[in-house]
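# Summary of the model geometry
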Amino acid sequence: MEKLAPLYHFHPPLQNSLTHKPIKAPPSKIFLDSLSSYGPNVTTSLTSVKMMHTQMIKLPQMWNPDAAAKNLISRYLEFGDFQSAAMVFYVGLPRNYLIWHSFVEEFKSAAGSLHIVLEVFKELHGKGVVFDSEVCSVVLKFCTREMDLWLGMEIHGCLIKRAFDLDVYIRSALMNFYGRCWGLEKAHQVFHEMPNPESLLWNQAIILNLHSEELQTGVELFRKMQLSFLKAETATIVKVLQACGKMGAINAIKQIHGYVFRFGLESDLSVCNPLISMYFKNGKHELARRVFDSMDNRNISSYNSMISGYAALGFLNDAWNLFCELKSYDMKPDIVTWNCLLSGHFLCGYKEKVLNILRRMQAEGFKPNQISMTSILQAISELGFLNLGKEAHGYVLRNGFDYDVYVGTSLVDMYVKNHSLTSAYAVFDSMKNKNIFAWNSMVSGYCFNGMFEDALKLLNRMENEGIKPDLVTRTGLISGYAMRGYGKEGMTILQGTKSLGLTPNVVSWTALISGCSQAGNGIDSLKFFVQMHQEGVTPNSATIACLLRACAGLSLLQKGKEIHCFSIRSGLIEDVFAATALIDMYSKSGSLKNAHNVFRKIRNKTLASWNCMIMGFAIFGLGKEAISVFDEMQKEGVSPDAITFTALLSACKNSGLIDKGWKYFDSMITDYGINQQLEHYCCMVDLLCRAGYLDEAWDLIHSMPLKPDATIWGALLGSCRIHKNLEFAESAAKNLFKLEPNNSANYILMMNLYSISNRWEDVDRLRDLMSTAGVKKRHGWSWIQINQRVHVFSSDGKPHPDSGEIYFEMYKLVSEIKKLGYVPDIDCVYQNMDEAEKEKILLSHTEKLAITYGLIKMKAGEPVRVIKNTRICSDCHTAAKYISLVKTRELLIRDGVRFHHFREGKCSCNDFW
């Protein structure tokens, strides 16, 4: 191998041997004309192709070498002679990597393997053929693709002997070979052996590091390259930007932004578009906009990057403004634009808006693709529109999208969340390529519906099919058990995860905490959080949100404040979802002022944030304030959803705003295209009944398009007690006894009504009916938290340790408020006894005991907060007003329906409850 040979050993050059000038006639014409001289069937076999090849070798001056070589390769590939095709490849084609790349693609499309190409090279190399640097560079790339480690090293040795290894293209190919086949350390060695690496090598080094997920090293190399005053390739800049985005290195992204300006790359769309995306990915929408505004030329991808970024961060108005601007510049949105809007609205909680966008994009001639259907199915899943989900399923099948694993998984998830597990399993079982997400969704579905045996069977099948359950699988089991009230079993699964070689992470712990919270086991949620903290797992914003929901459910204001402080110290309060959970906690714990303060500090309010604040005012009976927040929300351009109107109508019903209630109820369809659901009708029935419009409420119940449920009839029955209307009450009770045969509250309400009318026989009849049906009276309880300790007062006969002191103080308190005009409402007692005995029973109501104990033990001037599980009776409500006046104390009572804030003898409900 002392002499570089042009491979004439096997085939003379395919060009004129004397002049070395190509024939001037068109190559394809010469070749085809020559073929025709041999007759029509001359190249119908491999033998005829070889004969043709021989003729070319004998008469080289008759052929255009480039065209002849390409056509020969094509003919050999056509007949499956890959070795001969590779041989021509090495000796016949010019030294041009683009042409050789074209050969590789043609070779692979003919079912040839690059391994054959390398074998031919080895054969020629073994016979002493010496290749030039360009051939070696390309073969090194082939070695990298085929992971032929030893041939690559052998070529490297030959290149060193012939001093070709200093060639920058060879060095780049070597770096790529070592980086992909032997590891980054070897690639770095090749790079550093070069005294003054040129930009090509710097680019190669950066790309190799980023490809191997050595992001920090790659970015550092890029910085050093800039210090060497070398220019990076566009592809390298884009890769570095993506790496900075992954690391959240916002300062590095800003430096690249400066680099773009210094080198005048504002018009380079391939750099500016990713720069916009990376700014958005790190929450810097102002900087993304600055890049966009500085661009001389923008294409549809530029607009899509902006629209996607704005939508993902919740700036939906900005996204729509750009959508309109896009059209004004005679650009047409593409399917990517629509998909950005669909996914953005779903992520921000505007599920119904997703369906509106779907209708609009279809009206403009766009058919949803696989990505569109994923967002659409997710929205349908959250909305619970099973029938629409089935229609979407049909669309997926008609358009052949069922092969897409993400669409299939979304379908499974949609059916699971709509409790249609049979359909979910049918879709799951028909999926040809099930990914781990599909398995996990199905396992979780069984668990969430309490079908633990089916979940375990599916786990066994999963393992039998070679799919190893991951941490998400276990987390689904944990969540399912916790949500069903089996928190201890969920904890056992979490601890058992460690024995499988998996480490429970913050998601696993959060699933356990969230499940317990949803099951009403808030105390367990708090206990598990303490254990999580002890095991060194750092909570995230989702964990904080779950804990705050647990505190909200129990009205644990002090514990909620502690979690608030923890989230501030941990920097988690900036998360909008955690902040929204904080609003909910403060509202339901009786601290509306704190809730409003948190709400005002949220920069990018989501729809959930607005809804939460409206509901906060609603449960306090502050209807005008709730409406004011709704008006502000509309001015901000945020579209309401069904939950918004539930909160708004609740505010109207708790404040007696009948006209406003009708206005918002009617506007749901006319102005917003939102269909009224049962909860909206329930609010209107309750609003009309409380105001005394029982006939109108009755007409609404019988004209509504939905079948009335227990909440509708319960609202009517509750108001009949207030207005003492037995006729409507008996009709409502008759329906309730069918719908809720085991709910003792309905029987108690009717007994109360009968006792007011002195119909004691009916009271006894209902009591016997309860006994026969096995309906047990629900015990009422109230509790108050004093100095980190919760004191419970129950009607089940268990006395409080300080009951003597409490009753002594209460007798004094009742005596004081009677002087101000308090008269016990004995109608609240449905037992048949004398008035004196009824007054004694009123003194034992749990909310009175809790209030009295708070007055005894709490500091003067400190608000007394009491939580009870049933609706406050009219006597306790009246007594609380007088107590707030005589003791000059704020009393906050959260009953089973709403909050009552007593101050200076008045209640926030204005006696409309």
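Conventions adopted
Per-chain numbering applies: the sequence of each chain, read as written, is numbered from 1 onward. Local features in this predicted model are restricted to residues of pLDDT 70 or higher, and side-chain atom pairs are both shown and tallied only at a pLDDT of 80 or more, whereas totals for entire chains, interfaces and linings draw on every residue. Only hydrogens and water are set aside when side-chain values are computed; all heavy atoms of the structure are taken into account. Axis definition: a line fitted to C-alpha atoms, over the contacting stretch in the case of helices. Angles run 0 to 180 degrees between N-to-C directions. Strands here are runs of E lasting at least two residues and helices are runs of H or I lasting at least four, both read from the DSSP assignment and numbered beginning at the N terminus. Any angle from 65 to 115 degrees is called roughly perpendicular, while one under 35 is roughly parallel, one over 145 is roughly antiparallel, and all others are oblique. Here, two residues are considered to be in contact whenever any of their heavy atoms come within 4.5 Å of each other. Residues are grouped as follows: Ala, Val, Leu, Ile, Met, Phe, Trp, Tyr, Cys and Pro are nonpolar; Asp, Glu, Lys and Arg are charged; every other residue, Gly included, is polar. One side-chain nitrogen of Lys or Arg within 4 Å of one carboxyl oxygen of Asp or Glu is enough to make a salt bridge. Accessibility here uses a 1.4 Å probe with only protein chains present; expressed as a share of the type maximum, an area under 20% marks a residue as buried, one over 50% as exposed, and anything in between as partly exposed. Buried Ala, Val, Leu, Ile, Met, Phe, Trp, Tyr and Cys residues form a nonpolar core when they are joined through side-chain atoms within 4.5 Å. The criterion for strand pairing is that DSSP finds at least two bridges linking the strands in question. Only protein atoms enter the 1 Å grid used here, on which a cavity is any set of points holding a 1.4 Å probe that cannot leave and a pocket is any open set flanked by protein within 12 Å on both sides along at least five of seven lines; residues with an atom within 4 Å of a point are listed as lining. Grid points are joined across faces, edges and corners, and a volume is the space filled by probe spheres set on the points.

Attention shifts here to the packing of helix α33 (residues 576–588) against helix α35 (residues 607–619). One way to put it is that α33 packs onto α35 with a least axis distance of 9 Å and a crossing angle of 5 degrees. In terms of their interaxial angle, α33 and α35 are classed as roughly parallel. On α35, the residues touching Val576, Thr580, Ile583, Asp584, Ser587 and Lys588 of α33 are Ala608, Ser609, Cys612, Met613, Gly616 and Ile619. The residue makeup of the contact of α33 with α35, split by class, is six nonpolar, four polar and two charged.

Turning next to unusual backbone geometry. Of note in this structure, serine 555 is not a glycine but carries a positive phi near 55 degrees. Take serine 555: it is sitting in the loop between α31 (541–554) and α32 (557–569). A positive phi angle is found at lysine 724, which is not glycine, with a value near 55 degrees. The residue lysine 724 is located in the loop between α41 (710–723) and α42 (726–739) in this model.

Tallied over the entire structure, the rule returns 27 salt bridges. The partner of aspartate 762 in a salt bridge is arginine 765, with the nearest N and O atoms 3.4 Å apart. One end of the pair, aspartate 762, and the other, arginine 765, are both in helix α44 (residues 760–773), three residues apart, so they sit about a helical turn from each other. In this structure aspartate 762 comes out as buried when scored by relative accessible area, which is 16%.

Right, let's talk about the nonpolar core for a bit. Of all hydrophobic cores here, the largest spans 223 residues; its most connected members are Ile237, Leu512, Leu716 and Met750. Those residues within four positions of leucine 512 in sequence are excluded, and the remaining contacts are Ile478, Ala482, Gly487, Gly490, Met491, Leu494 and Phe528. By size, the runner-up hydrophobic cluster in this structure holds 33 residues, among which are Val829, Ile851, Ile872 and Cys873.

The next subject is the pairing of strand β1 (residues 781–786). In terms of strand pairing, β1 meets strand β2 (residues 789–794) through six bridges, oriented antiparallel. For tryptophan 781, the partnering residue across the bridge sits in β2 and is serine 794. Counted between consecutive antiparallel strands, the loop separating β1 from β2 contains two residues, among which asparagine 787 sits at a positive phi close to 55 degrees. Where β1 meets strand β3 (residues 864–868), two bridges bridge the pair, whose relative direction is antiparallel. Paired with serine 782 across the two strands is lysine 868, which belongs to β3.

Quick look at the environment of leucine 843 now. Mapping leucine 843 onto the fold places it in helix α46 (residues 835–843). Sequence separation between leucine 843 and methionine 810 is 33 residues; the distance between their C-alpha atoms is 7.8 Å.

Before going further, it helps to spend a moment on empty space enclosed by the protein. Applying the stated criterion across every chain, the model contains three cavities of 30 Å³ or more. Size it by volume and the second largest cavity reaches roughly 50 Å³. Around the second largest cavity, the lining residues are Met810, Leu813, Val814, Ile817, Lys848, Thr852, Ala879 and Ile883. Within the residue set of the lining of the second largest cavity, elements represented by two or more residues are α45 (803–819), α47 (846–857) and α48 (874–886). At four residues, the largest contribution of residues to the lining of the second largest cavity is made by α45. Grouping the constituent residues of the lining of the second largest cavity by class yields six nonpolar, one polar and one charged.

So far we have only geometry, and geometry alone does not tell us how the molecule works.
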